[in-house]
Each structure stands twice: as C-alpha cells, then as structure tokens.
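Topology and contacts: notes
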Amino acid sequence: MGIMSYDQTSNSDYDSQSHPDHLQASLPALYSQPSLPSVPSLTSKPHHRHQEILSTTHHHCLTTLEGHSSYVSSLTLAGKFLYSGSDKEIRLWMRNPLDSEIDQEELSNNVVAVAKGAVKSLVVLAEKLFSAHQDHKIRVWKINNQETNQHKYTRLATLPTLGDRAFKSLLPKNQVQIRRHKTSTWVHHVDTVSALALSSDESHLYSVSWDRTLKIWRTSDFKCMESVANAHDDAINAVALSNDGSVYTGSADKKIKVWRKSSEENKHSLVDTLERHNSGINALALSPDGSVLYSGACDRSIVVWEKDGGGNMVVLGGLRGHTESILCLAAVSDLMFSGSADKTIRIWRGADRSYSCLAVLEGHRGPVKCLTASDDRYTSDESYLLYSGSLDCDIKVWQINVPLL
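Note that the structure is a prediction, hence the values are computed from the model and not measured. (Residues numbered from 1 in each chain as written. Predicted model: local features only at pLDDT ≥ 70, side-chain atom pairs only at ≥ 80, totals over all residues. Heavy atoms only, no water.)

A closer look at the overall build of the chain
On a plain count of helices and strands, the chain comes out with five helices and 30 strands. Every one of the 405 residues in the chain was classed for burial, and the buried ones make up 58%. Contacts in the chain between residues at least 24 apart in sequence constitute 50% of all its contacts with a sequence separation of at least 6. Counting every atom, the chain has about 17,000 Å² of accessible surface; 48% of that belongs to carbon and sulfur. (Helix = DSSP H or I, 4+ residues; strand = E, 2+ residues; numbered from the N terminus. Buried < 20%, exposed > 50% of the residue type's maximum accessible area, 1.4 Å probe, protein only. Contact = heavy atoms within 4.5 Å. Areas by Shrake-Rupley, 256 points an atom, 1.4 Å probe, with all protein chains shown as cover.)

As structure tokens, then:
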C-alpha cells in the first residue's frame, strides 16, 4: 500500500482498519456506518452547571506546525518535546510553542529519524524512542536532544532483532505459515505494525498489527517474549494498557478483546470480548485511572465502557456528534478528545454518568488522524494543550481552558 498525497488519499490511508487482504474491511471508511441504535446516548441536555461550563470553555489554536510533506499519522509527548511521525520520517517540536528557550523555527526542519514505511505509532521510554512502521518493523532510536542543530538520532535496533530472528529460525517449531508457500518466525510481524503501548512498569512493549497478532517485547534487550496469533479475525488497529494489567485490542472485526497475563503460564489469555460497534474499531483510549474505556469506530460513534463491580467492562453508552468515522482518541484528566474523518475534534467531559460535548475544534483541512494531550502547567490547573495531526500534513496545537466542576 503506497502513501498518496492528500488530494489523492484513499480511505485506506486514513482509516487504519484497511487491510490489503481484506478489501471488505476498507468499505465502511468510504461511507461512514449508521450510528449505534443499540447503545443509548450519553449526551443529555446539559443542566445549569454544565451549561455554565459549556459557555466558559475557551479554546484557540496556538499555532500550526508545518513541515511534514505527507500526512501526520502519529504523535507522542516526552518532556519538553513533541514527536510526530509521517511517511518515513519522525520530527521533533517544542511541546509548548510559547516556550522561548528554544526557537520553534530552529526545530521546524528537525527531522530526527528517517526509515522505510509510514510511522504508525510512537512511544518514548527514557532515552529511547520506539516507532512502529508500515513496513512491518518496529525501530528503536537513541534520543539525543542535547543540541538542537539537526542531529539525527542513532538507530539502536530493529525489531525483531537479528539475534532473535536467527535463534528462532533454527527450530522448525518457531516457524508459522503466513501464506500458502511462505513461512516466517513467530517473532516477525508480517503486515503493518499499527500501534504500540508500554506496560505500566515500562518493562514491556506491546505491539499490534494488521497481521492480527499481539506481540510483547522486553524493553531491556528488545527480545520478543510472546506472540498471540490470530488475536482477532481481522486487522488490529489499536491497543491500550491499563494499570491493572488488562490489555485492550481493537480491530476491524468490530470487536474489542481484553487480555490478561496468567501467573501460572506466564502468557496472555483472552478474558473478555466486548461487542457493540457495528463497524471496524480504529481507536481506543483509557481514562487515567483505567476505570473507563473509550472506543471509536467507523460507525461515527464513541462507545463508553465502565468497570462494573467485578472488574469487567460494561457499556455505559455512546457519544454521537461526529459525521464521519472516528479515527483517534485521547484522554487526559476528566476530558476525552476525539478526532474524525469529518476534519473536526470534539472535547467531551463526563459527570454523573452523563457526557457533554464542550467544544468542536475546526481548522484542519483533512481527516484528523492522531491526537495527544496534556495538562498545561504553564497556565493553570484548568488549562490543557491538545495536539492534532491530520491528512492535511499539519499539526495543530490547541489551548483549552475548562473550568473545574
């Protein structure tokens, strides 16, 4: 699958659920599916206090970061910096564009890494940057931000590592069939690596792929510890990790699966399957305490799942308003942000099992593909910075002020 320019972009470029071997999986993205009648809406008419919050919620675009020549497919924050990934390149920006210590112009051409395959996901661990790519690989880079004058990062490893590949290829039992006449070792992803996530203790990296597998890597030596084959019936597009050890994967097969590691076997096993969406799932996000899971799909709906007394996720309801597929989600504090193929971002806040859409952010000229957010400590406890990447090749930095409940 080649990467096309914005005006030629097919749905398969912005909707991560598309899979070369699953043409039917790409169809819902062209025409968003009807929203979910089976899931009650959580967006009720706001009461007086909520009405106050709606009217006093302020947002504006601080700046637009330009430089990428292809659509922005991934964003992540680390320290003072924001990383963005697009077709083959990773760029570095200031987290707060108002920070005067480093000139944003100086960083505007700062491509810190170049590799084959579009960058689908980015994760930072200490001095290491992990990137997931469309060419089926995960790459590890040594972060060097001491000087800002265009130093490229050194590549530390490509996963699976050469040692891992060589050792596994020696034994026939380590071979898995990927096509009729082709085999590969189980440590290899054999299709686009769509998303990455770190365990809470940062000892393991989780990766999911359009090859329908979930893999777990040790971050100390990059060894592949486990691979869950056929974790879904179609391409996996999203992964989210909870502090209690639960692993959530979302797929084009319309399902979210919940995995946990069993202490006896030291392997991950399926503990639950969440089914309420009627089309492919593109994005997952967890509330900071892990008690609420948000899932976004091509049915234009965000389903809100909440932990019940037994620790299982049950449907609380749906958030509606976007007119096209939901492509990305981010949660910070008590806010949740959603980005859509309709080119807008919505800000949601929940209280008393009811949600309000606080604002709709407009300005991107293409589908919003990725989001990340943080508290804005520079301003106040009620201020947030939101970063959005789009098929228009731009990154926008938004400041959002929300009064405390």
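From this point, things continue past the structure.
Observations regarding the packing of aromatic side chains
Tallying each qualifying case throughout the model produces three aromatic pairs. Pairing F130 with F222 gives two aromatic rings, centres 6.2 Å apart and planes at 80 degrees, and the pair type is edge-to-face. On the criterion of sequence distance, the pair formed by F130 in strand 7 (residues 128-133) and F222 in the loop between strand 14 (214-218) and strand 15 (224-228) is long-range, its members being 92 residues apart. Owing to a relative accessible area of 1%, F130 belongs among the buried residues under this scheme. (Phe/Tyr/Trp six-rings, centres within 6.5 Å; stacked < 30°, edge-to-face > 60°.)

Some remarks on the nonpolar core
Within the largest apolar cluster, 18 residues are counted, with the highest numbers of intra-cluster contacts made by F337, I347, L361, L371, L386 and I400. Every residue in contact with L386, bar those within four places of it in the chain, is listed here: F337, I345, L361, L371, T372, A373, K396, V397, W398 and I400. (Core = buried A, V, L, I, M, F, W, Y, C linked by side-chain atoms within 4.5 Å.)

Considerations on the sheet that holds strand 29 (residues 383-390)
Strand order in the open sheet formed by four strands is 1-30-29-28, and the pairing between neighbours is antiparallel. Of all the strands in the sheet, just strand 1 (58-65) and strand 28 (368-375) have a single pairing partner and so form its edges. Taken pair by pair, the neighbouring strands of this sheet meet at an average axis angle of 20 degrees, ignoring direction. Note: strand 1 against strand 30 (residues 395-401), seven bridges, orientation antiparallel. Bridged to T64 within strand 30 is K396. (Pairing = 2+ DSSP bridges. Axes fitted to C-alpha atoms, helices over the stretch in contact; angles between N-to-C directions.)

Some remarks on the sheet that holds strand 25 (residues 335-340)
Across the sheet, four strands lie side by side as 24-25-26-27; this open sheet has antiparallel pairing. Here the strands that pair on one side only, and so sit at the sheet edges, are strand 24 (326-332) and strand 27 (354-361). Neighbouring strand axes in the sheet, compared pairwise and without regard to direction, differ in orientation by 25 degrees on average. With six bridges connecting them, strand 24 and strand 25 associate as antiparallel partners. Residue pairing across strands places I326 opposite S340, the latter belonging to strand 25.

Some details on the pattern of salt bridges
Pairing between side chains of opposite charge can happen when the charged atoms of each approach one another. All chains considered together, the criterion is met by eight salt bridges. With a shortest N-O distance of 2.8 Å, R349 and D334 are connected by a salt bridge. With R349 in strand 26 (residues 345-351) and D334 in the loop between strand 24 and strand 25, this pair connects stretches of sequence that are 15 residues apart. Residue classification places R349 among the buried positions, given a relative accessible area of 3%. (Salt bridge = Lys/Arg side-chain N within 4 Å of Asp/Glu carboxyl O.)

Description of the UniProt feature "repeat: WD" (unreviewed entry) in the chain
If you check UniProt for "repeat: WD" (unreviewed entry), the listed places come out as residues 65-93, 186-227, 229-269, 274-306, 319-348 and 361-401 in our numbering. The span residues 65-93 is 0% helical and 55% strand by assignment, and the distance between its end C-alpha atoms comes to 8 Å. Helix makes up 0% of residues 319-348 and strand 60%, whereas the separation of the span's terminal C-alpha atoms amounts to 9 Å. (UniProt positions renumbered as here; feature names shortened; annotations may be inferred.)

So, the side chain of S251
Tracing the chain through its elements places S251 in strand 17 (residues 247-251). Accessibility expressed as a relative area gives 0% for S251, which makes it buried. If we skip the residues at most four places from it in the chain, S251 touches H232, D234, A235, I236, N237, G280 and I281.

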